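A look at the structure
In case you want the letters, here they are:
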Amino acid sequence: MAELTYRDAVAYGIAQEMRRDPNLVMLGEDIAGAGGVFKTTVGLLDEFGPARIRDTPISEQAILGAAMGAAMTGIPVIAEIMFSDFIAVCFDLLANEMAKSAYMTGGQLSVPVVVRTANGGGSRFGAQHSQSVENWCMMIPGLKVVAPSTPADVVGLMAASIRDPDPVVFFEHKSLFASKGEIPEGEIVDELGTARVVREGTDCTIAALALMVPRALEAADRLADEGISAEVIDVRSLVPLDTKTVLASVEKTSRLYTVEENPRLCGWGAEVASIVADEAFWDLDGPIVRITTPHIPLPAAEALEDMAIPSVDRIYETVSKTIG
Amino acid sequence: MSIDLNDPALLDYSQRPPRHPEPVDPANDGLPIPLNVRTDLYKRVQELRQFEKRAYDLFMQNLVKGTSHLSLGMEAVSAGFAAAMQPEDYVFATYRGHAHTLSKGADMGQVMAELLGRENGLLKGKGGSMHLTHAEANMMGSYAIIGAHLCIANGTAWSAQMRGTDQVTVCFFGDGTTNIGAFHEALNFAKVWNLPVVFVCENNLYMEYTPIDLVAAVPNPAADRAPAYGLESIVVDGNDPDAVYMVAADAITRARRGEGPALVEAQTYRHGGHSRADPGKYRPADEVEAWLDRDPIPMYHQRLLRLGVPEGRLSEITQDVARRVDEATEFAKAGAHPGEEHLFTDVWADGGSAWRN
């Protein structure tokens, strides 16, 4: 076991796959010599060379287009979109092109692309560099969506995403880059569409994603001090969505909370809540409660941003007040 | 140029001064193109013309639903490039893609069946007229959002470069595409990476219903932008199959040799409107008439006669194509409407559509 930061786990996971598959290539802005603006691709240029680790112009449509075209010929491609907010400038390639290619060609084409992107708040970057946009991608049929919360999951889900034959949007959380975790020895390959129970409990289920997972765990510790036993689920993969794990947990706890960093309307938790309401209504002892960033653009000031994004305090207080 | 908002012709574009075609260059008779290639070009333009006419007739019979964008009048561009390509080269088209799909060798019956939304269609009825794709012949798709596919075409070119093959990618698009950001991103990217890709602007003078010269900052919307990306300005008579073939062969050969991308502007005209619902009334009547007089097919017919191809050979080709178009129509009409089992297939590469367990 080695301890790695979430940041270093990104390059570690990519390198594992690049050693395995000599066809795998990556492109993006400042990813080569600079090692990425978040230093998530440090060392890859040295090991794999400029033909496989390619810097691009600031041209997000050109980046995703080149990735898609190469992938359609069978070459797996990792494309980096520096900040997930920039997905908006190349959303056509994601939403209209990659996502629909297999379906509208009657299965003639497939697009093995992983779009890696730095997502989420907490860095005081303001409204255009801090968003959690996983719900933008989740709503498009034909895209798979992953958001790991630990270094080990970064490696394992990266491998699973790269080996998947469909387009996968891989959200790396900016505020988790400095976090550390153990990485098992040897090749690590995880599975898309699998959530994980990261803390067992009996009184309520808290489903969280990415940065919200460690916050939910910390809130669960405080709830335990009050005698409330919270089960915490790291959702990990929004598409495919592991509803079985969530439904099984709610069957046991009879209460569901979602903790979502995306703004409230149409956040991923709304879909989870809808499924649980449809399929586990009679297991519930109270209303499903969504704890989300409010429906506002994110503010830059530290004090304001901290009020906006669900905090340990807010999770703890919301559960404590509503669990009855 | 800039727009004068007091110009009364802004109330009715058909009142603007007509833009007449250049006359055919008589020297093109003497272009160094073997007669068998020219006969092949004739067959190709006949296939596209007769297919598109039939597609139009089937709209009128309400057998084709939705929309469709025909290449009637523009056949020489597709034929000229296709004849200059190798089978393993890649092609990308826009929603006006029937011609380019057929030119790459797709079965006429399957293409027709796709227009009719039938199970025996090229895409099993799931893509329709605007998304024709024939991947096994490296016809990599028809794309209906302006600009994106130029970026995607870079990707197949990049792939060929990485794999060390000599495949060239040819990407067709319209004049309106030259004003969208993706066009500019794609050209810059292709040049910087020295990709083996030939971008072909089919300039039919109208961006949907609006004259392109009213919305482009330069007279030749593609060719005049080429120097900004370190590319040569190339304009070709898009209504002359031989002229297109020569330019295509040159650009494709250079890309194949590793000399990088090219941008070709082929000037042409559509005989009909932008799409099914459009009668094209925004065009000056004498302009339409002048371009109909420059129809590539009768012109080419006359040229081949001058070059010694017997009339009988040309009518044999024409009749053979007519028979195949009839057969394609019957094949398409005989196809079943796709059943519910197709609704949930092919979202993912494994053929399924599951998003949860």
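**So, the domain arrangement of chain A**
Residue and element names in this part refer to chain A.
- Here the domain parsing of chain A yields domain 1 (2-183) and domain 2 (196-322).
- On a C-alpha basis, the centroid separation for the pair domain 1 and domain 2 is 26 Å.
- Contact residues are listed per partner, giving 25 residues for domain 1 and 29 residues for domain 2.
- Roughly 2,100 Å² is buried in total at the junction of domain 1 and domain 2, and carbon and sulfur atoms are behind 57% of that figure.

**Details of the sheet that holds strand E2 (residues 25-28) of chain A**
- Strand order in the open sheet formed by seven strands is E3-E2-E4-E5-E7-E6-E12 (chain A), and the pairing between neighbours is mixed. The open sheet has two free edges, formed respectively by strand E3 (53-55) and strand E12 (237-239) of chain A, since each of these has just one partner strand. Across the sheet, the axes of successive neighbouring strands diverge by a mean angle of 20 degrees, strand direction being ignored.
- Here E2 of chain A runs beside E3 of chain A; their pairing, made up of three bridges, is parallel. Note that in E3 of chain A the partner of Leu27 of chain A across the bridge is Arg54 of chain A.
- Together, E2, E3, strand E4 (77-83), strand E5 (113-119) and strand E7 (168-173) of chain A form the strand contacts of helix H1 (residues 6-20) of chain A, whose direction differs from that of E7 of chain A by roughly 150 degrees.
- The sheet strands contacting helix H5 (residues 148-163) of chain B are E2, E3 and E4 of chain A, and the helix crosses E2 of chain A at an angle near 135 degrees.

**Details of the pattern of salt bridges**
- Taken as a whole and judged by the stated rule, the model has 43 salt bridges over all chains.
- A salt bridge links Asp164 of chain A to Lys144 of chain A, with the nearest nitrogen and oxygen atoms 3.0 Å apart. Within this pair, whereas Asp164 of chain A is found in the loop between helix H6 (151-163) and E7, its partner Lys144 of chain A is found in strand E6 (residues 144-146), the two being separated by 20 residues in sequence. Both residues of the pair, Asp164 of chain A and Lys144 of chain A, count as buried.
- With a closest N to O distance of 2.8 Å, Arg257 of chain B and Glu259 of chain B form a salt bridge.

**Topic: the sheet that holds strand E10 (residues 204-208) of chain A**
Residues and elements named next belong to chain A.
- An order of E9-E11-E10-E13-E14 is seen for the five strands of this open sheet, with the pairing classed as mixed. Of all the strands in the sheet, just strand E9 (196-199) and strand E14 (289-293) have a single pairing partner and so form its edges. Each strand axis lies, on average, 25 degrees off the axis of its neighbour in the sheet, ignoring direction.
- Note: E9 against strand E11 (residues 230-234), three bridges, orientation antiparallel. Its bridge partner being in E11, Arg196 is matched across the sheet by Asp234.

**A closer look at the interface of chain B and chain A**
- Listed as interface residues are 40 residues of chain B and, on the opposing side, 49 residues of chain A.
- Summed over both sides, the interface of chain B with chain A buries roughly 3,700 Å², with 65% coming from carbon and sulfur.
- Counting the contacts that link chain B with chain A gives one salt bridge.
- Here chain B and chain A share 20 residue pairs in polar contact (both at pLDDT 80 or more) between them.
- Of all the secondary-structure elements, those providing two or more residues to the side of chain B that touches chain A are strand E1 (90-94), strand E2 (139-143), H5 and helix H6 (181-192) of chain B.

**Description of unusual backbone geometry**
Residue and element names in this part refer to chain A.
- The omega angle of the peptide bond from Val239 to Pro240 is -5 degrees, so this bond is cis rather than trans.
- Within the secondary structure, Pro240 sits in the loop between E12 and helix H8 (243-253).
- In the Ramachandran plot, Lys39 falls in the positive-phi region, its phi being about 60 degrees despite a non-glycine side chain.
- Along the chain, the position of Lys39 falls in the loop between E2 and helix H2 (44-48).
- Owing to a relative accessible area of 42%, Lys39 belongs among the partly exposed residues under this scheme.
- Even without being a glycine, Cys266 presents a positive backbone phi close to 60 degrees.

**Focus on helix H7 (residues 241-256) of chain B**
Residues and elements named next belong to chain B.
- Its 16 residues give H7 an end-to-end C-alpha distance of 22 Å, which sits within 8% of 22 Å, the value for a rise of 1.5 Å per residue.
- For H7, the set of buried residues is Pro241, Asp242, Ala243, Val244, Tyr245, Val247, Ala248, Ala251, Ile252 and Ala255.
- Where H7 begins, the capping side chain belongs to Asp240, and its oxygen is found 2.9 Å from the backbone nitrogen of Asp242.
- Of the residues one or two after H7, Gly258 is the one with positive phi, at around 90 degrees.

**Observations concerning the environment of Asp295 of chain B**
Residues and elements named next belong to chain B.
- Tracing the sequence through the fold places Asp295 in the loop between helix H8 (285-293) and helix H9 (296-306).
- Spatially, the C-alpha atoms of Asp295 and Leu72 are 9.4 Å apart, while their sequence positions differ by 223 residues.
- Setting aside its immediate chain neighbours within four residues, Asp295 contacts Arg49 and His271.
- Only 3.0 Å separates the side chain of Asp295 from the backbone nitrogen of Ile297, close enough to count as a polar contact.

**Details of the packing of aromatic side chains**
- Going through the model one piece at a time under the given rule, you end up with 15 aromatic pairs over all chains.
- The interplanar angle of 65 degrees and the centroid separation of 5.8 Å between the aromatic rings of Phe83 of chain A and Phe125 of chain A together place this pair among those described as edge-to-face. Here Phe125 of chain A lies in the loop between E5 and helix H5 (134-138) and Phe83 of chain A lies in strand E4, a separation of 42 residues in the sequence.
- For Phe83 of chain A, a relative accessible area of 9% corresponds to the buried category.
- Judged by centre distance (5.7 Å) and plane angle (90 degrees), the ring pair of Phe81 of chain B and Phe172 of chain B falls under edge-to-face. Of this pair, Phe81 of chain B sits in helix H2 (residues 75-84) while Phe172 of chain B sits in strand E3 (residues 169-174), placing them 91 residues apart in sequence. As far as burial versus exposure is concerned, Phe81 of chain B and Phe172 of chain B are alike and both buried.
- Connected via pairs of aromatic rings, a cluster forms that spans Tyr6, Phe38, Phe83, Phe86, Phe125 and Phe177 of chain A.
- Lying across the ring of Trp348 of chain B, Lys144 of chain A places its NZ or CZ 4.7 Å from the centre.
- Taking the ring centre of Tyr206 of chain B as reference, the NZ or CZ of Arg19 of chain B above it sits at 5.1 Å.

**Some remarks on the nonpolar core**
- Leu27, Leu64 and Ile206 of chain A together with Phe199 of chain B are the most contacted members of the largest nonpolar core, which totals 147 residues.
- Here this core gets nine residues from one element, more than from any other, and that element is helix H3 (residues 60-72) of chain A.
- Taken together, domain 1 (2-183) and domain 2 (196-322) of chain A each give at least three residues to this core, which thus spans both.
- Counting 62 residues, the second largest nonpolar core, distinct from the first, contains Leu72, Leu132, Val244 and Ala262 of chain B.

Calculation rules
- Residues numbered from 1 in each chain as written.
- Chains lettered and ligands numbered in written order.
- Predicted model: local features only at pLDDT ≥ 70, side-chain atom pairs only at ≥ 80, totals over all residues.
- Heavy atoms only, no water.
- Domains from an automatic or database assignment.
- Contact = heavy atoms within 4.5 Å.
- Buried area = accessible area lost by both parts, 1.4 Å probe.
- Pairing = 2+ DSSP bridges.
- Helix = DSSP H or I, 4+ residues; strand = E, 2+ residues; numbered from the N terminus.
- Axes fitted to C-alpha atoms, helices over the stretch in contact; angles between N-to-C directions.
- Salt bridge = Lys/Arg side-chain N within 4 Å of Asp/Glu carboxyl O.
- Buried < 20%, exposed > 50% of the residue type's maximum accessible area, 1.4 Å probe, protein only.
- Polar contact = N/O pair within 3.5 Å; in protein donor to acceptor, adjacent residues only side chain to side chain.
- Expected span 1.5 Å × (residues − 1).
- Phe/Tyr/Trp six-rings, centres within 6.5 Å; stacked < 30°, edge-to-face > 60°.
- Lys NZ or Arg CZ within 6 Å of the ring centre and 35° of its normal.
- Core = buried A, V, L, I, M, F, W, Y, C linked by side-chain atoms within 4.5 Å.

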